[in-house]
Amino acid sequence: MFCKRCTRFMSISRLGRNSKRWHSDHSRPIAQTTIDEEEHEKFKKLSHTWWNEIGEFQALHALNALRVPWIRDSLIEKQDQPSPLHTKPLMGVQILDAGSGGGILSEPLARLGANVIGVDMVEDNIKVAQTHLEEDPGIRGSVKYIQATVEDLVGTNEEAFDAVVASEVVEHVLNIDTFLTSCCKIIKPGGSIFLTTINKTALSYSAGVIAAEYLLRLVPIGTHDWEKFISPEDLQFMLDKSGFSTTLIHGMMYNPLTKRWSWISNTSINYGLHAVKLHSHDKSVSEDTTSEEKSTETTEKPA
């Protein structure tokens, strides 16, 4: 499996899973969300093309060949008792697909047995995803789409998911820190977060913006804003603050000639990151506070 060949591992905890129901809180005003209105309008215009496999989202469809096995294998390795059903190895696993778009990642994860909640800020994307889901009765009961942001779910779904997947999403949100913190809060202790995004380098501007948008026309012009790109080091730092241990950071490359993605060691442009939650968010905050208090007591103690 991929994870055995090219990952760097850290210790992870395998804690029990508590089942919770999914809810969304639509009372949150837009001003408190991570929605970027320009991004909202951009993807609203593209919503009708989600399931055109040779259209604007061709590279995203092709990415499934890389990210689906990666997510599957990583979650299987963490299972204390892997599912005996080889065709549905993720049976019973609760996954949130953050920024689910038209559902092109949610559906294959559901076919592996997972229960998937897809959330997206664009109403038209949700409608497209729901319509396409109706074409496959086999997974219709395993996928639910909600027009919402991740932070809308935090209040009623804290530590409810075994995994959160945010693939090609963080480079489109208004506030990455808020987005990641919300994702981390709804993951169970021992659960996983999977991210794929674009590094913030000179090479990523040349290849990810100039070449991909203006020269090769792999994606529509204006799809990416280089200022929103983020380095794997910064992403890992944000996750560390929420009590996560990063187990993998690996580069990805898209070949426009073969229309295929592959794993590479270089993370200068695209990369994937997998991290595991070591303990609850509240516990992490409590430990940090206790540590700071002890440090203060030591400092202020008279000689």
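Residues numbered from 1 in each chain as written. Predicted model: local features only at pLDDT ≥ 70, side-chain atom pairs only at ≥ 80, totals over all residues. Heavy atoms only, no water.

Trainee: Looking at this model, I keep getting lost on the overall build of the protein chain. Mind explaining?
Mentor: Within the protein chain, the regular secondary structure consists of 10 helices and 8 strands. Long-range contacts, defined as pairs at least 24 residues apart, comprise 74% of the intrachain contacts of the protein chain with a sequence gap of at least 6. Summed over its atoms, the accessible surface of the protein chain is roughly 14600 Å², and 52% of this surface lies on carbon and sulfur atoms. (Helix = DSSP H or I, 4+ residues; strand = E, 2+ residues; numbered from the N terminus. Contact = heavy atoms within 4.5 Å. Areas by Shrake-Rupley, 256 points an atom, 1.4 Å probe, with all protein chains shown as cover.)

Trainee: Just to check I follow, could you spell out the sheet that holds strand E4 (residues 161-167) for this structure?
Mentor: The strands that make up a sheet pair up through hydrogen bonds in the backbone, lying either parallel or antiparallel. Here 8 strands make up an open sheet; going across it, the order is E3-E2-E1-E4-E5-E8-E6-E7 and the pairing mixed. Pairing within the sheet leaves two strands with one partner each, and these edge strands are strand E3 (143-147) and strand E7 (260-264). Taking each pair of neighbouring strands and ignoring which way they run, the sheet shows an average axis angle of 20°. Examined bridge by bridge, strand E6 (residues 244-255) and E7 share 5 bridges and lie antiparallel to one another. Note on E7: the bridge partner recorded for Met 253 is Ser 262. Across the sheet, helix H6 (residues 150-157) lies against strand E1 (94-98), strand E2 (115-120) and E4, angled at about 150° from E1, the strand it touches most. (Pairing = 2+ DSSP bridges. Axes fitted to C-alpha atoms, helices over the stretch in contact; angles between N-to-C directions.)

Trainee: Can you help me understand helix H8 (residues 202-215) in this one?
Mentor: Helical geometry note: an α-helix holds 3.6 residues per turn, so side chains three or four residues apart project in the same direction. In this model, H8 (14 residues) spans only 17 Å end to end at C-alpha, well below the 20 Å of a helix rising 1.5 Å per residue. Every buried residue belonging to H8 is among Ser 204, Gly 208, Val 209, Ala 211, Ala 212 and Glu 213, and all of these are buried. Downstream of H8 by one or two residues, Arg 217 has phi in the positive range, about 55°. (Expected span 1.5 Å × (residues − 1). Buried < 20%, exposed > 50% of the residue type's maximum accessible area, 1.4 Å probe, protein only.)

Trainee: I tried to follow the pairing of E4 on my own but got confused; where do I start?
Mentor: Residues in a regular strand project their side chains so that they alternate between the two faces of the sheet. Counting buried residues in E4 gives 7 out of 7 residues, a clear majority hidden from the surface. At this point the chain moves from E4, through helix H7 (residues 176-185), to the parallel strand E5 (residues 187-198), and the crossover so formed is right-handed. (Right-handed = clockwise from strand over helix to strand, strands pointing away.)

Trainee: Would you mind showing me how to read the nonpolar core here?
Mentor: Across soluble globular proteins, nonpolar side chains have a tendency to be buried as a group. Residues Ile 71, Leu 75, Leu 90, Ile 95, Val 116, Phe 194 and Trp 261 are the most contacted members of the largest nonpolar core, which totals 36 residues. Of all the secondary structure elements, the ones that give two or more residues to this core are helix H3 (58-78), helix H4 (106-111), helix H5 (123-133), E3, E4, E6 and E7. When residues in this core are grouped by element, the largest group, 9 residues, is from H3. Judged by nonpolar contacts, the second largest core, of 34 residues, contains Val 150, Val 164, Leu 195 and Met 238. (Core = buried A, V, L, I, M, F, W, Y, C linked by side-chain atoms within 4.5 Å.)

Trainee: What's the story with H5 in this structure? I'm lost.
Mentor: Looking at H5, one finds that the buried residues are Asn 125, Ile 126, Ala 129, His 132 and Leu 133. Buried residues of H5, viewed axially, fall in a sector of 135°; they line one side. (Arc of directions from axis to C-beta.)

Trainee: Even after reading the chapter, I still don't get the pattern of salt bridges, so can you show me in this structure?
Mentor: Think of it this way: side chains of opposite charge can pair up when their charged atoms draw near. Taken as a whole, this structure holds 9 salt bridges when the rule is applied. The residue Glu 159 makes a salt bridge to Lys 277 at a minimum N-O spacing of 3.6 Å. Highlighted residues: Glu 159 in the loop between H6 and E4 and Lys 277 in strand E8 (residues 270-277), separated in sequence by 118 residues. Each of the salt bridges in this network shares a partner with another, and the network as a whole consists of Glu 107, Arg 111 and Asp 136. (Salt bridge = Lys/Arg side-chain N within 4 Å of Asp/Glu carboxyl O.)

Trainee: How should I be thinking about the packing of aromatic side chains in this particular structure?
Mentor: Counted under the stated rule, the structure contains 5 aromatic pairs. An angle of 85° between the planes, with centres 6.3 Å apart, marks the rings of Tyr 205 and Trp 226 as edge-to-face. Of this pair, Tyr 205 sits in helix H8 while Trp 226 sits in the loop between H8 and helix H9 (232-241), and the two are 21 residues apart along the sequence. Measuring from centroid to centroid gives 5.2 Å for Tyr 254 and Trp 261, while their planes differ by 45°, and the two rings are tilted. One exposure class covers both Tyr 254 and Trp 261, and it is buried. One Lys or Arg, Lys 200, reaches over the ring of Trp 226 and ends 5.1 Å from the middle of that ring. (Phe/Tyr/Trp six-rings, centres within 6.5 Å; stacked < 30°, edge-to-face > 60°. Lys NZ or Arg CZ within 6 Å of the ring centre and 35° of its normal.)

Trainee: Would you mind showing me how to read the environment of Val 173 here?
Mentor: In this fold, Val 173 is placed in the loop between E4 and H7. For Val 173, a relative accessible area of 9% corresponds to the buried category. In this structure the C-alpha to C-alpha distance between Val 173 and Glu 37, which are 136 residues apart in sequence, comes to 9.6 Å. With near-sequence residues (within four places) excluded, Val 173 lies in contact with Thr 34, Phe 179 and Lys 228.

Trainee: Any chance you could explain the confidence of the model for the protein chain here in plain terms?
Mentor: Any segment with low pLDDT has predicted coordinates that should not be analysed in fine detail. Looking at the protein chain, pLDDT values average 84 and 78% of them are 70 or higher. Counting contacts from residues 1-32, a segment whose pLDDT is below 50, to residues more than four positions away or on other chains yields 76 contacts. Note that residues 289-303 has pLDDT below 50 and, in this model, 0 contacts with residues that lie over four places away or in other chains. (pLDDT = per-residue confidence, 0-100.)

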